[in-house]
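Survey of secondary and tertiary structure
Residues per chain are reported as follows:
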Amino acid sequence: MLTGQLEIARLASKAKEMGLTSLNKHLTLELLKEAYRLTRKDGAVGIDGQTAGEFEVNLEENLKALLEEAKSGRYKAPPVRRVYIPKGDSSTELRPLGIPTFRDKVLQRAVVMLLTPVYEQNFLDCSHGFRPGRSALKASKEVDALLFRRFNGGWVVEVDIRKYFETMDHEKLRELINLRIRDGVLLRLIGKWLKAGVVEEGQRKIAESGSPQGGVISPLLSNVYLHYVLDVWFHDVVLPRLKGAAELIRFADDFVIICKQKTDAERILAVLPKRFAKFGLSLHPDKTKLIDFSKQNRVEKDDSDDGPAETTFTFLGFTFMWGKSRKGKPTVWRKTNKDRLKRIITRIGKTCRFQRHHPIKVQQSKLNSMLTGHYNYYGVTGNFASLQKVYRSAEKQWYKWLRRRAQKKKLRWEQFNAILAKFPLRSPRILHSAYRT
């Protein structure tokens, strides 16, 4: 942390409920330089077409101008360029992605650096998304530990918020931000970003709700919104009214609630839609459900299948289910969700196809990079069979597309095995062990 960030954290920790009014004095040239350093340089360009390299040509002058515009109120937040990318593995459903200009990314990063020390004093332990020292993998491990050690099963409320980033109410969001932030400069900047709108097919559209996915500040704003809408409400209002134990684990807009008693889970499931409706949000009726996560519903076969839908649930790319350990004792498995498995296999196939004419060493490096990233996240105890599926698929698809690049003499398995001996693919590895007693 920079000195200014440490000072903000100190003040915020002393007055956790007070609105802070003098944060913009820490918006300095030094902070903008650090924000520039942390901003991704190879991302897509915004509506102005400016690249990171072009911004860097006159870096000092550009940052000074950006700082002066932000503090004087003359800064005009440009609309984001909207593009659509496939949602999950769907070939028809698309997810909107907003791409800010590079200078806007730098300023948003600087504001996030000022606000993060404030909200880190307030965010609860149940929140894991886009926070320092936390990750999706840690959130999934926490769910695993709760199910196995504390609850020994229980009832799980699996929740899906419909189009969360597109439906956050701007007025409600400003009200919630004002509870903690009273600095006029920062509030003005946030207001401009919310009003900036998007450019789609040459037309500018002003949104009355939502925060464009892709914006640097969007993850923080979404965390602040759900901190008050869900986290604080659950711990201050819901928990005291329950008969048994319950825990909430959230990563951004993905969350599950684990309950010891079925009646508590049913009450929570009944009241959640009403609570979210007050803030302009709605739950997906088909993807929000109650799961009986009991030991007797365990899956006997140790493979990568997702198991019965009524006794398993999906969270952050993992399907959670009861299984059996090597010693024959009940244990919680975290398996790669079948959709995520399909996604990585499809990506590997496309990569093999598009780079089949590249040098073998280049192909090997790219494939190993993809496999390593997959193992780093999904390499948890009990999930080895899923990792093997990905590895075997990579071998087969690499062989398939290497054969197709030869017009006359086709590649034989013996020749491909010789290639693998010289340019091996990364073997599956379990990198994250689950705590078991």
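Just above, that's the structure.
To start, this report covers the structure provided alongside it.

Conventions used here
Residues numbered from 1 in each chain as written. Predicted model: local features only at pLDDT ≥ 70, side-chain atom pairs only at ≥ 80, totals over all residues. Heavy atoms only, no water. Helix = DSSP H or I, 4+ residues; strand = E, 2+ residues; numbered from the N terminus. Buried < 20%, exposed > 50% of the residue type's maximum accessible area, 1.4 Å probe, protein only. Contact = heavy atoms within 4.5 Å. Areas by Shrake-Rupley, 256 points an atom, 1.4 Å probe, with all protein chains shown as cover. Lys, Arg positive; Asp, Glu negative; His and termini not counted. Charge placed at Lys NZ, Arg CZ, Asp CG, Glu CD. Polar contact = N/O pair within 3.5 Å; in protein donor to acceptor, adjacent residues only side chain to side chain. Pairing = 2+ DSSP bridges. Axes fitted to C-alpha atoms, helices over the stretch in contact; angles between N-to-C directions. Salt bridge = Lys/Arg side-chain N within 4 Å of Asp/Glu carboxyl O. Phe/Tyr/Trp six-rings, centres within 6.5 Å; stacked < 30°, edge-to-face > 60°. Disulfide = S-S within 2.5 Å. Patch = residues over 30% accessible without salt bridge, like charges linked within 9 Å, V, L, I, M, F, W, Y side chains within 5 Å. Parallel < 35°, antiparallel > 145°, perpendicular 65-115°, else oblique. Left-handed = near helix turned anticlockwise from the far one by under 90°. Nonpolar A, V, L, I, M, F, W, Y, C, P; charged D, E, K, R; others polar.

A word on the overall build of the protein chain
- Within the protein chain one finds 15 helices and 11 strands.
- By principal-axis analysis of the C-alpha atoms, the protein chain measures approximately 70 × 65 × 40 Å.
- Burial status across the protein chain gives 49% buried among its 437 residues.
- For the protein chain, restricting intrachain contacts to residue pairs at least 6 apart in sequence, the fraction spanning at least 24 positions comes to 72%.
- Of the roughly 21,800 Å² of accessible surface on the protein chain, 50% is carried by carbon and sulfur atoms.
- Computing the positive centroid from 81 side-chain charges and the negative centroid from 47, the protein chain places the two 6 Å apart.

Side note on the environment of His128
- Summarising the element assignment, His128 is placed in the loop between helix 5 (102-119) and helix 6 (136-150).
- Overall, His128 belongs to the buried group, its relative accessible area being 8%.
- Sequence separation of His128 and Gly184 is 56 residues, and the distance between their C-alpha atoms is 29 Å.
- Dropping the residues within four chain positions of it, His128 is found in contact with Arg134, Ser135, Lys138, Ala139, Glu142, Ile249, Arg250 and Phe251.
- In this structure the side chain of His128 is engaged in a polar contact, spanning 3.5 Å, whose partner is the backbone oxygen of Asp125.

Notes on the sheet that holds strand 6 (residues 246-251)
- If you walk across this open sheet you meet the 4 strands as 6-7-3-8, and the pairing is antiparallel. Of all the strands in the sheet, the pair left with one neighbour each is strand 6 and strand 8 (289-292). Each strand of the sheet is rotated relative to its neighbour by a mean of 20 degrees, with strand direction disregarded.
- Bridge count for strand 6 against strand 7 (residues 254-259) is 6 bridges, and the pairing is antiparallel. The partner of Phe251 across the bridge, within strand 7, is Asp254.
- Set on the sheet, helix 10 (residues 218-238) makes contact with strand 6 and strand 7; between it and strand 6 the angle comes to about 175 degrees.

What about the pattern of salt bridges?
- By the definition in use, this model includes 14 salt bridges.
- Here Arg40 and Asp42 are joined by a salt bridge, their closest N and O atoms 2.6 Å apart. An identical accessibility class is assigned to Arg40 and Asp42; each is exposed.

With respect to the packing of aromatic side chains
- The final tally for this structure, using the stated rule, is 20 aromatic pairs.
- An angle of 80 degrees between the planes, with centres 6.0 Å apart, marks the rings of Tyr36 and Phe102 as edge-to-face. Taken as a pair, Tyr36 in helix 2 (residues 29-38) and Phe102 in helix 5 lie far apart in primary sequence, 66 residues in all. Taken individually, Tyr36 and Phe102 each receive the classification buried, so the pair is uniform in this respect.
- Ring centres of Trp413 and Phe416 lie 5.5 Å apart, and the angle between their planes is 75 degrees; on these two criteria the pair is classed as edge-to-face.

Here's the deal with unusual backbone geometry
- Non-glycine residue Lys163 carries a positive phi angle of around 45 degrees.
- Along the chain, the position of Lys163 falls in the loop between strand 3 (155-160) and helix 7 (164-167).
- Judged by relative accessible area, Lys163 falls into the exposed class, the value being 51%.
- Backbone geometry places Leu316, a non-glycine residue, at a positive phi of 55 degrees.

Some details on the state of the cysteines
- Evaluated as defined, the whole model comprises 0 disulfides.
- A disulfide-free cysteine, Cys126 has its sulfur positioned 14 Å from the sulfur of Cys259, the nearest such atom.
- Since its relative accessible area comes to 6%, Cys126 is described here as buried.

Considering a positive patch on the surface
- The grouping of Arg353, Lys400, Arg403, Arg404 and Lys410 at the surface amounts to a positive patch.
- For the positive patch, the element with the highest residue contribution is helix 14 (residues 384-404), accounting for 3 residues.
- Take Lys400: it is sitting in helix 14.
- For Lys400, a relative accessible area of 38% translates into the label partly exposed.

A short note on the packing of helix 5 against helix 10
- Between helix 5 and helix 10, whose axes approach to 11 Å, the crossing angle comes to 25 degrees. Regarding the angle of helix 5 to helix 10, the classification is roughly parallel. Here helix 5 and helix 10 pass one another in a crossing that is left-handed. The segment helix 5 lies against helix 10, with Val112, Leu115 and Tyr119 engaging Leu220, Val224 and Tyr228.
- Residue composition of the contact of helix 5 with helix 10, grouped by class: 6 nonpolar, no polar and no charged.

Structural notes on the sheet that holds strand 9 (residues 313-315)
- Overall, antiparallel pairing links the 3 strands, which are arranged 9-10-11 in an open sheet. Since the sheet does not close on itself, it has two edges, and those belong to strand 9 and strand 11 (330-336), each with one partner. In this sheet, neighbouring strand axes are inclined to one another by 40 degrees on average, regardless of whether the strands run parallel or antiparallel.
- Here helix 6 sits on the sheet and contacts strand 9, strand 10 (318-324) and strand 11; the angle it forms with strand 11, its principal contact strand, is near 155 degrees.

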